[in-house]
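The chain contents come next:
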Amino acid sequence: MNTRDRLTGGRAVIAARDADTTPDTTEIRRLAAAAGYDVVGEVTQRRAEDLRYNLGTGKTKELAAAVSDADADAVVFDGSLSPGQYADLLGVLPTGTTLVDRYRLVLDIFAEGAGSAAARTQVRLATLRYELPRLERMEGESALNRAFFEKGSPVLDAKRRIDALEAKLADLTDAAADRRRKRREEGFDLVALAGYTNAGKSTLLRRLADDLDSPESDGDAGGDGDAGGDDDDAAGGGESDHADLATTASVEDRLFETLETTTRRATVDGRRVLLTDTVGLVADLPHDIVRSFSATLDEIGTSDVVLAVVDASADAETLERRLATTVDVLAADASGPVIPVVNKVDRLDADQRAAALETVETVLAAAEVDTRDPVAVSARDGDGCDALRTALIDALPSEMAEFVVPNSGETQALVSWLHERGDTAVTYSGETVEIRFSGRPAVVEEARRRAGNLGGS
Ligand SMILES: Nc1nc2c(ncn2[C@@H]2O[C@H](COP(=O)(O)OP(=O)(O)OP(=O)(O)O)[C@@H](O)[C@H]2O)c(=O)[nH]1
Ligand SMILES: [Mg+2]
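Here the structure is a predicted model, which is why all the values come from computation and not from measurement.

Quick notes on the confidence of the model for the chain
Here the chain shows a mean pLDDT of 83. Residues at 70 or above account for 85%. Helix α6 (residues 146–150) is the least confidently modelled element of the chain, averaging 53 in pLDDT, while helix α2 (residues 57–70) averages 97, the highest of any element. Segment residues 1–6: pLDDT under 50, and 13 contacts once partners within four positions in sequence are set aside and those in other chains are kept. Taken as a whole, residues 213–240 scores under 50 in pLDDT and shows 46 contacts with residues more than four places along the chain or in a different chain.

Comments concerning the packing of helix α14 (residues 409–419) against helix α15 (residues 441–453)
It is at 11 Å that the axes of α14 and α15 come closest, and there the two elements cross at 175°. One element, α14, and the other, α15, form an angle in the roughly antiparallel class. Residue-level contacts link Leu-414, Trp-417 and Leu-418 of α14 to Val-443, Glu-446, Ala-447, Arg-450 and Ala-451 of α15.

Topic: the pairing of strand β3 (residues 74–78)
In terms of burial, β3 is a largely internal element, 5 of the 5 residues being buried. A two-sided burial pattern is seen for β3, the buried positions comprising Ala-74, Val-76 and Asp-78 on one face and Val-75 and Phe-77 on the other. After leaving β3, the chain enters helix α3 (residues 83–92) and then returns to the sheet as strand β4 (residues 98–101), a path that is right-handed.

Focus: the pairing of strand β12 (residues 422–429)
The side chains of a regular strand alternate, residue by residue, between the two faces of the sheet. With 8 bridges joining them, β12 and strand β13 (residues 432–439) adopt antiparallel strand pairing. Its bridge partner lying in β13, Thr-424 is registered against Phe-437. Hairpin geometry of β12 and β13 is characterised by an intervening segment of 2 residues between the two adjacent antiparallel strands and by a positive phi of about 60° at Gly-430.

Rules of the game
Residues numbered from 1 in each chain as written. Chains lettered and ligands numbered in written order. Predicted model: local features only at pLDDT ≥ 70, side-chain atom pairs only at ≥ 80, totals over all residues. Heavy atoms only, no water. pLDDT = per-residue confidence, 0-100. Helix = DSSP H or I, 4+ residues; strand = E, 2+ residues; numbered from the N terminus. Contact = heavy atoms within 4.5 Å. Axes fitted to C-alpha atoms, helices over the stretch in contact; angles between N-to-C directions. Parallel < 35°, antiparallel > 145°, perpendicular 65-115°, else oblique. Buried < 20%, exposed > 50% of the residue type's maximum accessible area, 1.4 Å probe, protein only. Right-handed = clockwise from strand over helix to strand, strands pointing away. Pairing = 2+ DSSP bridges.

This is the structure:
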């Protein structure tokens, strides 16, 4: 189903360096696999950064030999290479070897998989921003080569394209903001699922969302990845207000399975919630790339509540590192309260579960984010999801109001309007109806206005 299944990046040797420890290549191997590479070897080094190649000179030679020996097509470098290091390292590798650093690797994964107009624009923008300093360096080196300039300046060309893509993205972003504003007016609460890649966000989305064939949900709305397609589809399929509501949220044990935000409806204690699944986060990417995927950050920034999903089955150190990456993004972007969702607890015994919760609490206590108590769940089995729904309702902005209105057909219409928008209790006493309602403050305000029009108090 996924275009990435057909991707063959070729045979790759992993290269990794860390100043303090022997590098752990688990994640970079998984990222390489997600980009379609077949990993055939690795060269690692514990050492301070070498300015020329990043790796030390001896290690660099060892890497070149490993590439020849394994007959590899590519080197995947776990980290970011400066434009100079990139050029120098490439010069030492066998001719024809492709060199990709961590940043470039993630861009490649997105470039292959992004479907909607907004996602594609974001990827192209991030790629150009990545390439610009490298082009500038090359252009500087060939400043004496007139033929180079006669063909036009790739740097100026890249700058022009960056400007154009930024403008296009701003339009798409405005359309998404309009859509969110309308949804708020319709009484929806907006909730974003955020977290490290592979934490289980999409699995949780499926678990919490209404059944696709229930009348509450837009089962016939356009799908996610396959909706956009055309680059120039400026509105991103946004003709209908809910055209972005997804029928599926792909779940896979692969990094960056989700490459664009998708939204589904959920009904939580009578309240109508729109849940948005966002693109996973990953450590050690330049801030620029995170910025480029602004759709994810916009969703996090504008939602009423963020569910921060973490994979509790990872070892404590990995859990801490991934949570720290997530918290960095939330601290900068989240405006509403954050509920930490400690997922995959089906893989843990009671002690391990308690330890994971403690790790999460410790990391979050130090963070400048408005966090609520963590909730342990298994998105796969559904355990803990009722507690999560309760925590969600508690965290959503809420107001309570009571009205007494004359019993009439119009009052019945008001009652059903309220039932769709929050927790509604109705008591009939002769000629009058007593209504207790709690829900979004804006909905309560509108309900007061409607009750007032019916002669209520
Ligand atoms: N055991 C267990 N596995 C889970 C649970 N939730 C998710 N998984 C598995 O974890 C893997 C990743 O799940 P996804 O829902 O795709 O994760 P994601 O956070 O959306 O990942 P990206 O879209 O790649 O960022 C899949 O293999 C899921 O089946 C859980 O509660 N328990
Ligand atoms: Mg996902």
